[in-house]
Amino acid sequence: MTRLPNGKAAYAARMQKARQAKPKTESAVSTGFDEKTKIWFNGRMVRWQEATVHVMSHVIHYGSSVFEGFRCYNTQNGPAIFRLKDHIDRLFDSAKIYRIDMPFTKAEIMQACIEVVKLNRLEACYLRPVAFRGYHSLGVDPRLCPTMVAIAALMWGKYLGPEALKAGVDVRVASWNRMRPNTFPSMAKAASNYMPSQLVKLEAKIDHYVEGIMLDSHGYVSEGSGENIFLLYRGKLYTPPLTASILPGITRDCTITMARELGCEVIEAPVPREMLYVSDEVFFTGSAAEITPIRSIDRITIGNGACGPLTERLQKRFFAIVEGRTEDVYDWLTPVH
Ligand SMILES: Cc1ncc(COP(=O)(O)O)c(C=O)c1O
């Protein structure tokens, strides 16, 4: 038998050290994980520690999972899940694209999301349903691997930092492009799409930016590693179209609706990189990022370097709706109780 050069004891010591290692970054300490909450796992509520998979599951080796992420807001009338149906529709679309058979109906998954909030007695939280190919065999052909579904809740704060919504964030254009059409399906919210997203996020953070903006395979603006993007340029609001390999964001859809309601023209068209620098306002949208102003890109100040007036109006309208302070005219909220 070959022995590891350092021997078993050294290996065990290294493992012990890794387990005891202190979190290295600010985001590592605010994971939002609460190990006392229960997770809905394949139709049952289980303890946090019990929601586990085998290391030989297909998903571990080939990234074969699709997922969603959305918030439950603590409204004046109790907790309410934001655009629940639209997120579950997108989850099923992602599964359909990847030919993942869902063992539950949309209605069952929606109900399960509500139960996760209710049974854990949560108010504001972030929900993460995930469907993945489980344990059967190691070949790339996934057909015999069962689909597993889990729904967990996290106490996630402001995704791009506590000050981000007010002060805005400093971002860069990523050196990595968003995937070309017909390589990875960008309309699917699949785990595999987040490998390049991790590269984007990592290079941004290492260089002291908050986030990276990817260009598409033609060099036009696509989106952030986990956000869609909008630009206010000469009085009109621009956002890259679906053909720029974006995820069809649900907050993007809300933003288009709210901007039009405010009388602003919204144009979905290819956005040249340089338009980012000369726009009056640029902001990210996403379930996690909500509506986050961008104050600089590649160290070039956007507008006057603060949250612009349109971004602020959109934020105000958005938070008034999600926090239940104004009528939910679009039927975006699903009350939990
Ligand atoms: C790559 C990517 N683009 C855009 C978004 C924004 O989508 P949504 O508003 O539906 O959260 C997300 C977040 O889910 C994302 O991960």
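Rules used throughout
Residues numbered from 1 in each chain as written. Predicted model: local features only at pLDDT ≥ 70, side-chain atom pairs only at ≥ 80, totals over all residues. Helix = DSSP H or I, 4+ residues; strand = E, 2+ residues; numbered from the N terminus. Expected span 1.5 Å × (residues − 1). Buried ≥ 20, exposed ≤ 12 C-beta atoms within 10 Å, placed from the backbone. Near = placed C-beta within 6 Å. Nonpolar A, V, L, I, M, F, W, Y, C, P; charged D, E, K, R; others polar. Core = buried A, V, L, I, M, F, W, Y, C linked by C-beta atoms within 7 Å. Contact = placed C-beta atoms within 7 Å. Pairing = 2+ DSSP bridges. Right-handed = clockwise from strand over helix to strand, strands pointing away.

S.K.: Lay out helix H8 (residues 250–261) with the relevant residues and their values.
M.R.: Compared with an ideal rise of 1.5 Å per residue, which puts 12 residues at 16 Å, H8 spans 17 Å between its outermost C-alpha atoms and is within 8% of the ideal. Within H8, burial applies to Ile 250, Thr 251, Arg 252, Cys 254, Thr 255, Met 258 and Ala 259. Count one or two residues on from H8 and you reach Gly 263, which has phi positive near 90°.

S.K.: So what about the site of the ligand? Which residues, and what values?
M.R.: In the region of the ligand, 14 residues are neighbours, and Gly 249, Ile 250, Thr 251, Gly 286 and Ser 287 sit closest. Of all the elements in the fold, those that place two or more residues in the shell around the ligand are H8 and strand E14 (281–286). Top element by residues in the shell around the ligand is H8. It accounts for three residues. Partitioning the shell around the ligand into residue classes produces two nonpolar, nine polar and three charged.

S.K.: Can you tell me about unusual backbone geometry, naming the residues and giving the values?
M.R.: At Asn 42, a position not held by glycine, the phi torsion is positive, near 55°. When you line up the elements, Asn 42 lands in the loop between strand E1 (38–41) and strand E2 (44–47). Residue classification places Asn 42 among the partly exposed positions, given that 14 C-beta atoms sit within 10 Å. The phi dihedral of Arg 121 is positive, around 55°, even though this residue is not glycine. Mapped onto the fold, Arg 121 is located in the loop between helix H5 (106–119) and strand E6 (125–133).

S.K.: Describe in detail the nonpolar core, supporting the description with residues and values.
M.R.: Ranked by size, the top nonpolar core spans 78 residues in total, and within it Ile 81, Cys 113, Leu 127 and Ile 151 carry the most contacts. For Cys 113, the contacting residues outside a window of four places in its chain are Ile 81, Leu 84, Leu 127, Pro 129 and Ile 151.

S.K.: For the pairing of strand E12 (residues 236–239), give the residues involved together with the corresponding values.
M.R.: Note: strand E11 (residues 228–233) against E12, three bridges, orientation antiparallel. Across the sheet, the residue bridging to Leu 232 is Leu 237, located in E12. Here E11 hands over to E12 after two residues, with Arg 234 in that stretch at a positive phi of 50°. Sheet topology note: the E12/strand E13 (residues 266–268) ladder contains three bridges and is parallel. Paired with Leu 237 across the bridge in E13 is Val 266. Of the crossover connections in this fold, the one passing from E12 over H8 to the parallel E13 is right-handed.

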